[in-house]
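Observations on chain architecture
So the chains spell out like this:
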Amino acid sequence: MTADVIVTQVESLLSRHRSAPVTVAGWQRLEPYAIGRARLEGGERLIVKWMRPHPGAARHATSQRLRNEVAALRFLSDDLTSGLAPRVIAADLDAELVVLEDLAPRTALDGLLRAEGATAHADRLAAFARVRGELNAATAGRSGLYGVRRRALGPAGDAERFAGFREEGRRQAALLGAPIEGGAERELAAALEELEHPGPFLALSNGDPEANNVLVHATGDPDARLIDFEFAGRTHALHDAVCLHVPGPGWVSVDAAFAGGYRRALVAGVPEAEDDRRYGFGLAAACFSYVLVRLERVARVDARPPGDGSRVQLVATLEAAARTADEHRSLPRLAGWARRVAGLLRRRWPDADLDLDDRAAFPPYTPRRR
């Protein structure tokens, strides 16, 4: 859609919502996303999101993402009176358009980390971990309310969107010469059972718990807020802690020192998280589930030229998951399997055979070179 079309739709939507004429006096597209900032006459600023086709995604799946976001944000603001995320100001789901509260001057944490490094933003990283735990704590045991919100907006589709990726990840590991079998196979079955039946750990996630989806103040009190709920849904809470232990798509390294803040926040709503054995098992299970999803990419990464950052990032992902399991004394056979796969990739990709424990070369939140 062109800017003129979007502005016209926003004016129409807000005019209907407020029962008074609304004029957009300023417009800024926030590239490369389907997001813009609108300034209304009178100075009010709002965020506008619209849907655009994603490669390989059916139209109904694209529409579902906006419905996920609206349901989740209204659940948080209206049902839970939470200030963890922006409020929905108005939405036209048929037109695939939503107007949200503008959280500026907060800015995305990942941009600050890339520009100035993790050391300069320790307080903001702590806020990132804490707000993820606060989201899970606030929504644990409240899935019924969210379900009502989501069903009112139409079918939600398949909530398990990663099963196929995990199966492909297993296939890629077998092709490398490291099939999951024996004790590792039994541990994986137990891990997936835990994630499928989370019990008290069932909570709402925005579905993409990475540093680009948390907004903080660049100086002073970070006052973190979560954004991008297009893939929101109910899941095992500890999926949201993986990003604190295992590098996500944008990083080669992370810093698990901040994970304690996540756990302390989670305990407020999930007292079971105080149990070291139960917490460690759930966390390790979520880490290895994520590893399998990332291994789905092996063939594509293999085709990239030597020195591409995605190679060392995949090795780092495997080794970080194994280290997390060791630290929590959980799933030892899966940890051994992950190290075996990492070793095979190091030999296959000599350019990725690097000392990832060298904090001078790989300080926390080292960006992956693209």
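Procedures and definitions
- Residues numbered from 1 in each chain as written.
- Predicted model: local features only at pLDDT ≥ 70, side-chain atom pairs only at ≥ 80, totals over all residues.
- Heavy atoms only, no water.
- Helix = DSSP H or I, 4+ residues; strand = E, 2+ residues; numbered from the N terminus.
- Buried < 20%, exposed > 50% of the residue type's maximum accessible area, 1.4 Å probe, protein only.
- Contact = heavy atoms within 4.5 Å.
- Areas by Shrake-Rupley, 256 points an atom, 1.4 Å probe, with all protein chains shown as cover.
- Salt bridge = Lys/Arg side-chain N within 4 Å of Asp/Glu carboxyl O.
- Pairing = 2+ DSSP bridges.
- Core = buried A, V, L, I, M, F, W, Y, C linked by side-chain atoms within 4.5 Å.
- Expected span 1.5 Å × (residues − 1).
- Phe/Tyr/Trp six-rings, centres within 6.5 Å; stacked < 30°, edge-to-face > 60°.
- Axes fitted to C-alpha atoms, helices over the stretch in contact; angles between N-to-C directions.

Okay, the overall build of the chain next. A count of helices and strands for the chain gives 12 helices and 10 strands. Projecting the C-alpha coordinates of the chain onto the three principal axes gives extents of approximately 65 × 45 × 45 Å. Among the 370 residues that make up the chain, the fraction classed as buried is 52%. For the chain, the share of sequence-separated contacts (at least 6 apart) that also reach a separation of at least 24 residues comes to 70%. Accessible area of the chain: about 16400 Å², with a carbon and sulfur share of 50%.

Inspection of every chain in the model, using the stated rule, returns 25 salt bridges. Among the ionic contacts, a cluster of salt bridges with common partners joins Lys49, Arg65, Glu69, Asp228 and Glu230.

Here the focus is the sheet that holds strand β6 (residues 107-108). By definition, the strands of a sheet pair up through backbone hydrogen bonds, in either a parallel or an antiparallel sense. Spatially, the 3 strands line up as an open sheet ordered β6-β8-β9, and their pairing is antiparallel. Either end of the sheet is taken by a strand with one partner, and the two such strands are β6 and β9 (225-226). Of the strand pairs in this sheet, strand β8 (residues 214-216) and β9 are connected by 2 bridges, and their pairing is antiparallel. Residue pairing across strands places Leu215 opposite Arg225, the latter belonging to β9.

Attention now goes to the nonpolar core. Membership of the largest hydrophobic core comes to 101 residues, with the highest contact counts inside it found for Phe229, Tyr262, Leu266, Leu295 and Trp337. For this core, the element with the most residues is helix α9 (residues 276-295), which contributes 12 residues. Ignoring any residue separated from it by four or fewer positions in sequence, one finds Leu266 in contact with Gly133, Asn136, Ala137, Phe201, Ala237, Leu238, Ala273 and Tyr279. If you look at the next biggest cluster of nonpolar residues, it comprises 17 residues, including Val7, Val22, Leu46 and Val99.

Our next topic: helix α4 (residues 122-139). The terminal C-alpha atoms of α4, which comprises 18 residues, lie 26 Å apart, in line with the 26 Å expected from a rise of 1.5 Å per residue. Every buried residue of α4 is accounted for by Arg124, Leu125, Ala127, Phe128, Ala129, Val131, Arg132, Gly133, Leu135, Asn136, Ala137 and Thr139. Count one or two residues on from α4 and you reach Gly141, which has phi positive near 75°.

A few words on the packing of aromatic side chains. With the rule as written, the count across this model stands at 3 aromatic pairs. Note on Phe75 and Tyr146: the rings are 5.7 Å apart at their centroids and 65° apart in plane angle, and the pair reads as edge-to-face. Note that Phe75 is positioned in helix α2 (residues 59-79) and Tyr146 in helix α5 (residues 143-151), a separation of 71 residues in sequence. Judged on exposure class, the residue Phe75 and its partner Tyr146 are both buried. For the pair Trp251 and Tyr365, a centre-to-centre distance of 5.3 Å together with 85° between the ring planes defines the contact as edge-to-face. Here Trp251, found in the loop between β10 (233-236) and α8 (259-267), pairs with Tyr365, found in the segment after α12 (332-348); they are 114 residues apart in sequence, far enough to count as distant. Accessibility expressed as a relative area gives 3% for Trp251, which makes it buried.

To continue, consider the sheet that holds strand β5 (residues 97-101). Reading across from one edge, β1-β2-β3-β5-β4 is the order of the 5 strands in this open sheet, with antiparallel pairing throughout. The two strands at the open ends of the sheet, each matched to only one other strand, are β1 (24-29) and β4 (88-92). Strand-to-strand twist of the sheet, defined as the mean angle between neighbouring strand axes without regard to direction, takes the value 20°. Contacting β1, β2 (35-40), β3 (45-50), β4 and β5, helix α1 (residues 3-18) runs over the sheet at an angle of about 110° to β4.

Before going further, it helps to spend a moment on the environment of Trp337. When you line up the elements, Trp337 lands in helix α12. Its relative accessible area of 5% is what places Trp337 among the buried residues. The spacing of Trp337 and Glu185 is 152 residues in sequence and 9.8 Å in space, taken between C-alpha atoms. Here Trp337 is in contact with Ala173, Ala178, Pro179, Ile180, Ala184, Val291, Leu292 and Leu295, once residues within four sequence places are set aside.

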